[in-house]
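One-letter residues, chain by chain:
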Amino acid sequence: MKVRMHFQTKKFLTAEDLVWMFKRGLENLKESEEYVNELNVFPVPDGDTGTNLVLTMQAVVDDIDSLDNLDMRTVAAAISQASLMGARGNSGVILSQIFRGICEVIQDKEAIDSQILGQALDRARDISYKAVMKPVEGTMLTVIKDVAGAASIYSNDSVDLVELLVQLVDEAERSVQETINLLPVLKEAGVVDAGGVGLLAILRGFLDVVRGEKELVRREKVGVLSRVSPTAEDVEESLEYRYCTEFVIKGEKIDLDHLKEEVNRLGDCALVVGSPNTAKVHVHTNEPHAVLGCALKEGSLHNITINNMDDQASERAKKLASKEVKEVKELGVLAVCSGEGLREIFLSLGADGIVNGGQTMNPSTKDILDTVEKVSARSIFILPNNKNIILTAEQAGKVSDKKMVVIPTKSIAQGISAILSFNQEMDVEENRKSMLEAMERVKSGEITFAIRDSESKIGKITRHDVIGICNGEIRAIGRDLVETSLHLIGSMVGEEDEILTIYKGEGSSDEDTELLADRIKKLYPHLEVELHEGGQPLYPYLFSLE
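What you are looking at is a predicted structure, and each value in this text was computed from that prediction instead of being measured.

### Things to note about the packing of aromatic side chains
Reasoning step 1: Counted according to the given criterion, the structure contains 4 aromatic pairs.
Reasoning step 2: With 4.9 Å between their ring centres and 70° between their planes, Phe 22 and Phe 99 make a pair best called edge-to-face. In this pair, Phe 22 sits in helix α1 (residues 15–39) while Phe 99 sits in helix α4 (residues 89–106), placing the two residues 77 residues apart along the sequence. For the pair formed by Phe 22 and Phe 99, the shared burial category is buried.
Reasoning step 3: Centre to centre, the rings of Phe 381 and Phe 422 are 5.8 Å apart; their planes meet at 70°, and the pair counts as edge-to-face. Of the two residues, Phe 381 is situated in strand β7 (residues 377–383) and Phe 422 in the loop between α17 (412–421) and α18 (428–441); the sequence distance between them amounts to 41 residues.
Reasoning step 4: Here Phe 381 falls in the buried class, since its relative accessible area comes to 0%.
Reasoning step 5: Taking the relative accessible area as the measure of exposure, Phe 422 reaches 2% and is therefore buried.
Reasoning step 6: In this structure an aromatic cluster arises from ring pairing among Phe 22, Phe 99 and Phe 206.

Right, dumping it as structure tokens:
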């Protein structure tokens, strides 16, 4: 049965109306997600604009759906904060700034009329343009600018909100259709702007709610689509910067202007938004490790996501990329690890090479030297990430023609902490000291299974027992994977700790991992819990606490 809100006209929007509008906006956007992905050719043809917008909207809806108090200030604050923290990709961050501008105007209002909505859209336009360091017309920025312009013309005391939103959606559709004529790359591809289409889908959802529609309305897609997806050649030739890097910074006095300058210097599509206490950073870069290094000076990092934007390119594009001639740089980093997830993490953080190895799979001196020779750098830092590999790495350093500096990391957690502190702008000695200090700041935890009966300081170990180890010391013994993991974490956590990172390995199920993460959040609400797919053998879980 179709359910309707019983009004044909509407003079005011309440906080509860806003909640419904965002829910419908998300539903409408999901209907267009794949189509928006197909349209995505700018700023890079990585086909994820629709997904990024959906994830950003989903973060908002999840947050406002859990609110007990639906007054305007509470709802506006939740929308602004959730969209900032949940923003994904260039389009998601811009969308979060559109919402931020709207919320800044409506937060102290009891209800929203057409004039207030017009003012809110003006503010949304100003803040979203300000967030982008190099605004480009023919994008979703143009669409919000045109919508705000239409609102300034049509909004007044006598205009009904349904009538106003009809005008705004019509203007948004006209603006989206015009993007193909404003941006040459869209004209060449025969498509309209993906972000603009996504924004239009959201606005249409808003209108449906104001009209009283509670059932999803299906519409024809907007825009021309003569080429569904870019070719591998398009991706390879157009990607000047490969890694889409984004994260949240939490601090006390984040210098947003300085951080913007530093991030912009390291790539393009740079966005740094938020407040002196919480900021969202997005940038396309070839040096995600350098971006993270700059950000660490401002506060602690959370929700780090680094995506290789040409992962979906064809095999031919990958082969061409592998043949690129690399310039010899001053400094490089080589890490030892096993597990595809850990390998990708180290590479995304700036490692120039990976030696496959770990517990019971110690690489030889030759294995390390062979990888060192492939790294185009004059000085190379080695992260053994296991106490049994440190000596082998040091031996390799003695016979290599290149200068090798072994950072004696004994765990994956120490290795990741060390590489996060690596800075290409510093010299060898400065980096050595920084990486040594960083590795000592992290607590490392490991969960594995006993292969034989034995004794320990905390009790008898039976074959197949689950063992929890912290910094080389056995802290927990049990038969249940989740319970033993919780026992280990309990022995590690201190009041000063802020972030617990879980690396999921072989031998752990998704169900156990979800249960473990939920239990940790309830037991230690002060901890930020991050989960990564490590894929490491022998260790169902690796933990990093800092």
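### Considerations on unusual backbone geometry
Reasoning step 1: The backbone of Asn 303 shows a phi angle near 50°, a positive value even though the residue is not glycine.
Reasoning step 2: Mapped onto the secondary structure, Asn 303 falls in strand β4 (residues 300–308).
Reasoning step 3: Non-glycine residue Asn 385 carries a positive phi angle of around 60°.
Reasoning step 4: With respect to the helices, strands and loops of the structure, Asn 385 is situated in the loop between β7 and α16 (390–399).

### Structural notes on the sheet that holds strand β13 (residues 473–478)
Reasoning step 1: In space, the 6 strands of this open sheet follow the order β13-β12-β9-β16-β14-β15, with mixed pairing throughout. The open sheet has two free edges, formed respectively by β13 and β15 (528–533), since each of these has just one partner strand. Taken over all neighbouring pairs, the strand axes of this sheet differ in orientation by 20° on average, direction set aside.
Reasoning step 2: In the sheet, strand β14 (residues 499–504) pairs with strand β16 (residues 541–545) via 5 bridges, with the strands oriented antiparallel.

### A look at the sheet that holds β4
Reasoning step 1: Strands sit in the order β2-β3-β1-β4 across an open sheet of 4 strands; the sheet is antiparallel. Every other strand in the sheet has two partners, leaving β2 (267–274) and β4 as the edge strands with one partner each. Going across the sheet, the axis of each strand differs from the next one's by a mean of 10°, ignoring polarity.
Reasoning step 2: Against the sheet, helix α11 (residues 256–265) touches β1 (243–250), β2 and β3 (278–285), its axis set at about 160° to β2.

### Overview of the nonpolar core
Reasoning step 1: In terms of nonpolar packing, the biggest core is built from 79 residues, with Phe 22, Ile 98, Ile 106, Leu 121 and Leu 168 touching the most fellow members.
Reasoning step 2: In terms of residue count, the dominant contributor to this core is helix α9 (residues 194–211) (11 residues).
Reasoning step 3: Excluding residues within four positions of it along the chain, Ile 106 makes contact with Leu 18, Met 72, Ala 76, Ile 112, Ile 116 and Ala 120.

### Observations regarding the environment of Met 361
Reasoning step 1: Along the chain, the position of Met 361 falls in the loop between β6 (353–356) and α15 (365–374).
Reasoning step 2: For Met 361, a relative accessible area of 33% corresponds to the partly exposed category.
Reasoning step 3: Residues Met 361 and Cys 337, spaced 24 residues apart in sequence, show a C-alpha to C-alpha distance of 9.6 Å.
Reasoning step 4: With near-sequence residues (within four places) excluded, Met 361 lies in contact with Ser 338, Asn 356 and Pro 537.

### Observations regarding the packing of helix α2 (residues 49–65) against α9
Reasoning step 1: Across the interface, α2 lies against α9 with an axial gap of 9 Å and an inter-helix angle of 40°. α2 and α9 meet at a crossing whose hand is right-handed. Across the interface between the two elements, Thr 49, Leu 53 and Met 57 from α2 touch Ala 194, Gly 195, Gly 198 and Ile 202 from α9.
Reasoning step 2: Per-class residue counts for the contact of α2 with α9 are 4 nonpolar, 3 polar and no charged.

What counts, and where the lines are drawn
- Residues numbered from 1 in each chain as written.
- Predicted model: local features only at pLDDT ≥ 70, side-chain atom pairs only at ≥ 80, totals over all residues.
- Heavy atoms only, no water.
- Phe/Tyr/Trp six-rings, centres within 6.5 Å; stacked < 30°, edge-to-face > 60°.
- Helix = DSSP H or I, 4+ residues; strand = E, 2+ residues; numbered from the N terminus.
- Buried < 20%, exposed > 50% of the residue type's maximum accessible area, 1.4 Å probe, protein only.
- Pairing = 2+ DSSP bridges.
- Axes fitted to C-alpha atoms, helices over the stretch in contact; angles between N-to-C directions.
- Contact = heavy atoms within 4.5 Å.
- Core = buried A, V, L, I, M, F, W, Y, C linked by side-chain atoms within 4.5 Å.
- Left-handed = near helix turned anticlockwise from the far one by under 90°.
- Nonpolar A, V, L, I, M, F, W, Y, C, P; charged D, E, K, R; others polar.

Bear in mind that shape data such as this cannot, by itself, settle questions of function.
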